[in-house]
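# A structural walkthrough
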Amino acid sequence: MTKKDTDIKAIQKLVIEAGKKARKETKGEPEPGLTKPIKWPVECLVGPGLEGAIACETKIGYVNGTKGWLIYRGYDIFDLCAYSTYEEVSYLLLHGEFPSKSQLASYKEKLVKYRSINDTKRYMMGFPIERMDAMSALRLGTNMMRQEFTYADQHLYKADVGKIISSDEDSIPMETVPMGEEKAIYEFKERRKKRRTPEDIDPTLQSPCGIESCYHLIAGVASVAAAVARLKQGRLPLEPDPELSHAGNFLYMMTGKRPTPLQERIMDISLILHADHGMNASTFAAMVVASTLSDIYLSVGSGIAALKGPLHGGANEQVLYMLEDIGKPEYVSTWVKRSLKEKQKIMGFGHRVYKSYDPRARVLGPLAGYLAKKDKENNTLFKTARKMEKEVVSALGEKKHIFPNVDFYSGIVYSCLGIRPELFTPIFAVSRVAGWTARVLEYLQHNRIFRPRAMYTGQFDEKYVPINKRKK
Ligand code: COA
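If you're wondering where the values come from, they're calculated on a predicted model, not measured in any experiment.

So, on to the overall build of the protein chain. Looking only at helices and strands, one finds 20 helices and three strands in the protein chain. Counted over contacts in the protein chain with a minimum sequence separation of 6, partners at least 24 positions apart contribute 76%. As displayed, the protein chain offers around 24,000 Å² of accessible surface, 54% of which is attributable to carbon and sulfur atoms.

Here it is, written out as structure tokens:
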């Protein structure tokens, strides 16, 4: 067996073992809820930030927080990580089933084609990317892709407002009959068919709303993220290599080095792990934008914006800084005790849905360990992280159901792959584009503009006072 085969087999074994451990440890937990079709209107207990609210039905993915399950289209995440690829998984999320050989071949061809975003890269080189936050730059690049690939900004391309309004913006939910599917599909996906294509629109340009745009985004956001990585280092973006897989090419375009099979497989698994995760904040943000019948590029741009925050995707970067700050395993105890005493949230721990060990962290932990053992600096980070996990779980595991989340080990994995912390969250976005686009397309089948309400607790009957008569 070659070194390459040994590494790949070892990684697969680690994933399979993580899956077995997860199933064993959560066997006694209650069976999943929230799996039946909804009869609207639905009654549910809602907390602030819409916690507990049910907004739609989905067949795309399922998260069971007490069992620590993550399912895409019926498939367990551990099996997907052990046996599948990001190409297959992104296709599965979008289409509902795995591709056949020929479907996979033509999907891969499309991804190769759509990885070339030369105009976008040229436009981006005109911006001060090196001084921009990587997620802002990613969002900018996604907008540029829209410009390059679609006719969305052509002056004759306009939404027919009269036809798309299915309910008043201020209507109380359930007050009017949803006109979702008919109107949404009509306007969001098939504008081009319904409107005469004006002569001055370049016929090679595409709709900003259909499945081709999803493929374009899945392929192109990776190229944008890689270009951001290069530009931030004062280097020119690279051309994609059509011979490489999605994960391999992404690493190559980011680092300028052809990855080893081990590095490629680890990135592939990371992309699979982050591809979808229920109605999280960024997915919800993307869906809210799509529900107004905006378009899929702008929906994905909103997902990127939401993912940036440290309470969501931005935590992975913060975890690495925290581990570097702690420095060594022997300093962990004091650091954790102080943080808990000061009631600080420790980055990379806790989750709104998982009240058990996050299955993604179960995979990423051993992968980080496998990679780090060959690298002194990262090995210290890894050992510090393992010690921290022990300390935090013993303090908060049973008491508050706080365990490591996906972001706790992903940073060490990326660091071992030679990627700088500011690019960790863009990698999350590169993967999550699959989930965002799949969920947006699914939601539009029965579209209803999102419109929750707020409880007004302010004043009434205030009288206007001219500025020169105000007291302050
Ligand atoms: N470190 C220490 N304590 C934590 C904690 C953490 N990371 N996460 C939650 N807690 C504690 C809270 O202080 C709170 O304690 P209290 O009941 O004594 O006030 C309790 O657990 C519940 O916290 P809450 O913030 O209500 O949980 P949540 O479900 O709203 O929060 C997160 C989920 C992810 C926002 C939260 O765990 C967090 O901020 N984690 C750190 C950031 C992070 O890693 N984000 C990535 C998520 S994938």
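The discussion continues.
In the vicinity of the ligand lie 19 residues, with Lys 345, Ile 346, Phe 349, Arg 352 and Lys 400 positioned nearest. At 2.8 Å from an oxygen atom of the ligand is found a side-chain nitrogen or oxygen belonging to Lys 345. Contact between the ligand and Gly 348: an oxygen atom at 2.8 Å from a main-chain N or O atom of the residue. Against a free-state accessible area of 860 Å², the protein chains account for coverage of 70% of the ligand.

Estimates place the volume of the second largest pocket at around 260 Å³. Along its surface, the second largest pocket is lined by 15 residues, and Thr 255, Lys 257, Leu 417, Gly 418 and Ile 419 are the ones closest to its centre. A per-element tally of the lining of the second largest pocket places helix H11 (residues 246-255) first, with three residues. A per-class count over the lining of the second largest pocket returns seven nonpolar, four polar and four charged.

Right, let's get into unusual backbone geometry. Geometrically, the link from Trp 40 to Pro 41 is a cis peptide bond, its omega value of -5° lying close to zero. Even without being a glycine, Leu 50 presents a positive backbone phi close to 65°. Looking at where Leu 50 falls in the secondary structure, it is placed in the loop between helix H1 (3-25) and strand E1 (61-64). Using a relative accessible area of 35% as the deciding quantity, one classes Leu 50 as partly exposed. Of note in this structure, Asp 461 is not a glycine but carries a positive phi near 60°. With respect to the helices and strands, Asp 461 occurs in the segment after helix H20 (424-444).

A separate point is the environment of Gly 303. With respect to the helices, strands and loops of the structure, Gly 303 is situated in helix H14 (residues 296-307). For Gly 303 and Ser 282, which are 21 residues apart along the polypeptide, the C-alpha to C-alpha distance reads 4.3 Å. Apart from residues no more than four positions distant in its own chain, Gly 303 is found in contact with Ser 282, Ala 286 and Trp 436.

This next bit is on the environment of Gly 313. As for its placement among the helices and strands, Gly 313 is situated in the loop between H14 and helix H15 (315-326). When sequence neighbours within four positions are dropped, the list of residues in contact with Gly 313 reads Leu 307, Asp 407, Thr 425 and Phe 428.

Another aspect to go through is the pattern of salt bridges. If you walk through the whole model with that rule in mind, you get 19 salt bridges. With its nearest N and O atoms 3.7 Å apart, the salt bridge here joins Lys 374 to Asp 7. Here Asp 7 lies in helix H1 and Lys 374 lies in the loop between helix H17 (359-372) and helix H18 (376-400), a separation of 367 residues in the sequence. Of the residues examined, Asp 7 reaches a relative accessible area of 6% and is grouped as buried. Between Arg 122 and Asp 119 there is a salt bridge, with the nearest N and O atoms lying 2.7 Å from each other. Of the two residues, Arg 122 and Asp 119 both sit in helix H5 (residues 118-125), three residues apart, roughly one turn of that helix. Exposure remark for Arg 122: the relative accessible area of 53% places this residue in the exposed category.

Right, let's get into the packing of helix H3 (residues 86-95) against helix H4 (residues 101-115). Contact pair H3 / H4: the axes reach a minimum separation of 11 Å and the direction vectors enclose 100°. It follows that H3 is roughly perpendicular to H4 by the angle criterion. Counted together, Glu 87, Glu 88, Ser 90 and Tyr 91 of H3 and Gln 103, Leu 104, Tyr 107, Lys 108 and Leu 111 of H4 form the full contact between these two elements. When its residues are assigned to classes, the contact of H3 with H4 shows four nonpolar, two polar and three charged.

What counts as what
Throughout, residues of each chain are indexed from 1 in the direction in which the sequence is written. Only residues with pLDDT of at least 70 are given local features in this predicted model, and only at 80 or more are side-chain atom pairs given and counted; all residues enter the totals for whole chains, interfaces and linings. Excluding hydrogens and water, the side-chain figures rest on all heavy atoms present in the structure. Only DSSP runs of H or I with at least four residues qualify as helices, and only runs of E with at least two residues qualify as strands; both kinds are numbered from the N terminus onward. Contact criterion: two residues are considered in contact whenever any of their non-hydrogen atoms come within 4.5 Å of each other. All accessibility values rest on the Shrake-Rupley procedure with a 1.4 Å probe; residue burial counts only the protein chains present in the view. The criterion for a residue being near a molecule or strand is simple. One of its heavy atoms has to lie within 4 Å of it. Here a polar contact is recorded for every N or O atom pair within 3.5 Å, except that within protein the pair must consist of a potential hydrogen donor and a potential acceptor, and residues adjacent in sequence are included only if both atoms are side-chain atoms. Residues are said to line a cavity or pocket when one of their atoms sits within 4 Å of a point; the points come from a 1 Å grid over protein atoms alone, cavities being sets where a 1.4 Å probe fits but cannot get out and pockets being open sets with protein on both sides within 12 Å along at least five of seven lines. Grid points are joined across faces, edges and corners, and a volume is the space filled by probe spheres set on the points. Amino acids outside the nonpolar list (Ala, Val, Leu, Ile, Met, Phe, Trp, Tyr, Cys, Pro) and the charged list (Asp, Glu, Lys, Arg) are all regarded as polar, and Gly is one of them. Each residue's exposure class comes from its accessible area (1.4 Å probe, protein chains only) as a fraction of the maximum for that residue type: buried when under 20%, exposed when over 50%, partly exposed otherwise. Put simply, a salt bridge is a Lys or Arg side-chain nitrogen that is within 4 Å of an Asp or Glu carboxyl oxygen. Angles run from 0 to 180 degrees between N-to-C directions of axes, and those axes are lines fitted to C-alpha atoms, restricted for helices to the stretch in contact. The labels follow the angle: roughly parallel below 35 degrees, roughly antiparallel above 145, roughly perpendicular from 65 to 115, and oblique for the rest.

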